[in-house]
Structures are given as structure tokens and as C-alpha cells.
Amino acid sequence: MYSRVYVEITNICNRNCSFCPGTKRDLNTMSVDKFAIVLEKLQGITKHLYFHIMGEPLIHPDLPLLIKMAKEAGYHPMITTNGTLLSARGKTLIESGIYKINISVHSFEDGTEDEYQNYITQCMEFADLASSSGVLTVLRLWNQGYDHGRNEDIVGMLKKYFGDDWNYGNRGITIRKNLFLEYDTRFEWPDLEAEDRGESVYCYGLKDHFGILCDGTVVPCCLDREGELALGNIFDDDIKAILQSERACNMIQGFRNRKASEELCRKCGYARRF
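Just so it is clear, the model here is predicted, and its values are computed rather than measured.

A word on unusual backbone geometry
Positive phi values are uncommon outside glycine, yet N178 reaches one of about 70 degrees. Despite not being glycine, R258 has its phi angle at roughly 55 degrees, a positive value. Locating R258 in the fold gives a position in the loop between α7 (246-256) and α8 (263-266). A relative accessible area of 45% places R258 in the partly exposed class.

Shown next as C-alpha cells:
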């Protein structure tokens, strides 16, 4: 069983963040009926669903319903968001039964001071409500080296709001029960136009996770934003057959030997972390 599957419910976003390359695909949103098919076909494959690859999941008009459907089907529904719509949709999100939410609080690292202050304030207010309601809430600062000095400001605001009795661990910081802060460096997305970094690479794609784009295309990892490594389509094919296809097996075997079988994997900056 996979530890998680990324399900892109929409590739539409309301931001143009400096760390995100976006997508060239046609704008698309997964319907409720199509999502129901995904839930059915992923039974026995995973218990954890992330509603994200590209796009901002809070844009989806039926997001609360999708969360309820996933929960009723036995999954743990989770999202990653830029946080800009939390003041408008956050309460409904919690009430719908969301299991975990990651908030990329570096989404306004290049915004104006007023935008920045208002944005961080609404993220903190939501994190307060969500964590108090039992929702696992992670504030992400995955922008070390690109924060323009604002990460220190954010930490100061968090300590003023939540207090400073934090527990510092190897993999992150526990601010309080159900509320965490994560640091990481910015990474370079895989891109066929990028520099070839050589075939020596290891990745967890297809080992503990894979992704499904909003048109049903199955991809080996959450960073294949254009579906360059398409393995099949969950709406047309059996998911187990897709994951056992020749292309998928070649990728898995390659990663076991720390060799990339695909050009895109040779040009992935994130995989160099492993």
C-alpha cells in the first residue's frame, strides 16, 4: 500500500508564486463524478489522499463535498494550499472533516508589506482554529535562501500569537498540539529544458507515492506537473495495471539502482535531496 496519493482536483491557481513554475496544460477541474471514480479505484491502494499537484485546491467549488466523500470512503483527506482563501473557506474546510492541511506561508515572499501582514495574520488565525479543532496543521517555509529576510519576521509573529514554548525536533518544530512549522530549501522542479544532472538519482516516486492529474493522467510523482511521464489514465484503465506497466517497472528498478530511466528524472532538482 502506498503511503499517499496526490490527486489534483484542479490545476487552476489564484496566485503566481515565485517558487512555482505553473503548468502549460489546459485549465481543468475534476468533477464530483470523476472524483468518485478515483475514490473507488484507489481502494486498497492508499489511505492518505493529498488534494494537490498543481493549482489551488480551495478554488474548487465542491471542495467540502470532496473532503466528505473521501472521509466517508475511508481515506484521510489532506490539502496543500497557498493560504490566500483561508479566511473565506477555512471554517467550512474544517467542518467538512479535513485530516491535515499544509500551508505554504512563503507564498507572499515577494508581495507588498500590507499584503504580507494581512496574509500571515489570516494564516495564523486559521491555524489557531484548525489545530484547536484537531486538524493537523503544518506551516511551511520551504524557501530558505529566498525569503528576503521575512522568515525571521514570520517566526516573530508566530511566537507573539502562539507563545514561544516550542519543541524543536530533527524534522520540524512543534508549536503546540496539532500545529507544526517546517523549514526547507527551495528546490528546482523537473523540467525537460533544464540542465541534465546525470543518471545517478534516487527518488521515492512509485515507491511510496504517485499522482493523478485532474484529467485522470497517472504520474509517478507529485512534481510531474505536465504529465511528461504519463503511465496511463485512471478513468480508462485499471490502476494496478498502470502501476505495473513496463514504464513504471523500469522507473522503479532504475531508482533501486540509483539510476534514472527517464530524461525528466535526470533533470529534477528535488530528487537530489535523497
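Focus on helix α3 (residues 86-95)
The α-helix advances 3.6 residues per turn, and as a result positions three or four apart in sequence lie on the same side. Of all the positions in α3, only L86, G90, L93 and I94 are classed as buried. Down the axis, α3 shows its buried residues gathered within 90 degrees of arc, on one side only. For α3, the exposed residues lying more than 90 degrees away from the buried face are A88, K91 and E95. Of the residues flanking the end of α3, it is G97, one or two places downstream, whose phi is positive at about 100 degrees.

Observations concerning the nonpolar core
Formed by 78 residues in total, the largest nonpolar core has its most connected members in V7, F35, L42, F51 and F210. Setting aside its immediate chain neighbours within four residues, F51 contacts V7, I9, F35, P57, L63, L66, I67, A70, P77, M78 and I79. Grouped together as the second largest cluster of nonpolar side chains are 6 residues, Y6, I53, M78 and V219 included.

Examining the sheet that holds strand β4 (residues 100-104)
Pairing within the open sheet is mixed, and its 11 strands lie in the order β6-β7-β8-β5-β4-β3-β2-β1-β9-β10-β11. Looking at which strands have only one partner, the edges of the open sheet turn out to be β6 (167-168) and β11 (232-233). Relative to β4, strand β3 (residues 76-81) is paired through 4 bridges, and the arrangement is parallel. Bridging across to β4, T81 finds its partner in I103.

Thoughts on the environment of D208
Mapped onto the secondary structure, D208 falls in the loop between β8 (179-185) and β9 (209-212). Residues D208 and V138 lie 70 residues apart in sequence; the distance between their C-alpha atoms is 21 Å. With residues up to four places along the chain from it excluded, the contact list for D208 reads Y2, S3 and R4.

Some words on the packing of helix α1 (residues 32-41) against helix α2 (residues 63-72)
Running from amino to carboxyl end, α1 crosses α2 at an angle of 25 degrees, the nearest separation of the two axes being 11 Å. As judged from the angle between their axes, α1 and α2 are roughly parallel. Taken as a pair, α1 and α2 cross one another with a handedness that is right-handed. Residue-level contacts link V32, F35, A36 and L39 of α1 to L65, L66, M69 and A70 of α2. Across the contact of α1 with α2, the residue classes break down as 8 nonpolar, no polar and no charged.

Let's talk about α7
Listed in full, the buried residues belonging to α7 are A248, M251, G254 and F255. Mapping the buried residues of α7 onto a view down its axis gives an arc of 130 degrees, with all of them on the same face. Looking at α7, the residues exposed on the side facing more than 90 degrees away from the buried face are E246 and R256. The inward-facing, buried residues of α7 contact α6 (239-243) and α8. Phi for R258, located one or two positions after α7, is positive at around 55 degrees.

Parameters at a glance
Residues numbered from 1 in each chain as written. Predicted model: local features only at pLDDT ≥ 70, side-chain atom pairs only at ≥ 80, totals over all residues. Heavy atoms only, no water. Helix = DSSP H or I, 4+ residues; strand = E, 2+ residues; numbered from the N terminus. Buried < 20%, exposed > 50% of the residue type's maximum accessible area, 1.4 Å probe, protein only. Arc of directions from axis to C-beta. Core = buried A, V, L, I, M, F, W, Y, C linked by side-chain atoms within 4.5 Å. Contact = heavy atoms within 4.5 Å. Pairing = 2+ DSSP bridges. Axes fitted to C-alpha atoms, helices over the stretch in contact; angles between N-to-C directions. Parallel < 35°, antiparallel > 145°, perpendicular 65-115°, else oblique. Left-handed = near helix turned anticlockwise from the far one by under 90°. Nonpolar A, V, L, I, M, F, W, Y, C, P; charged D, E, K, R; others polar.

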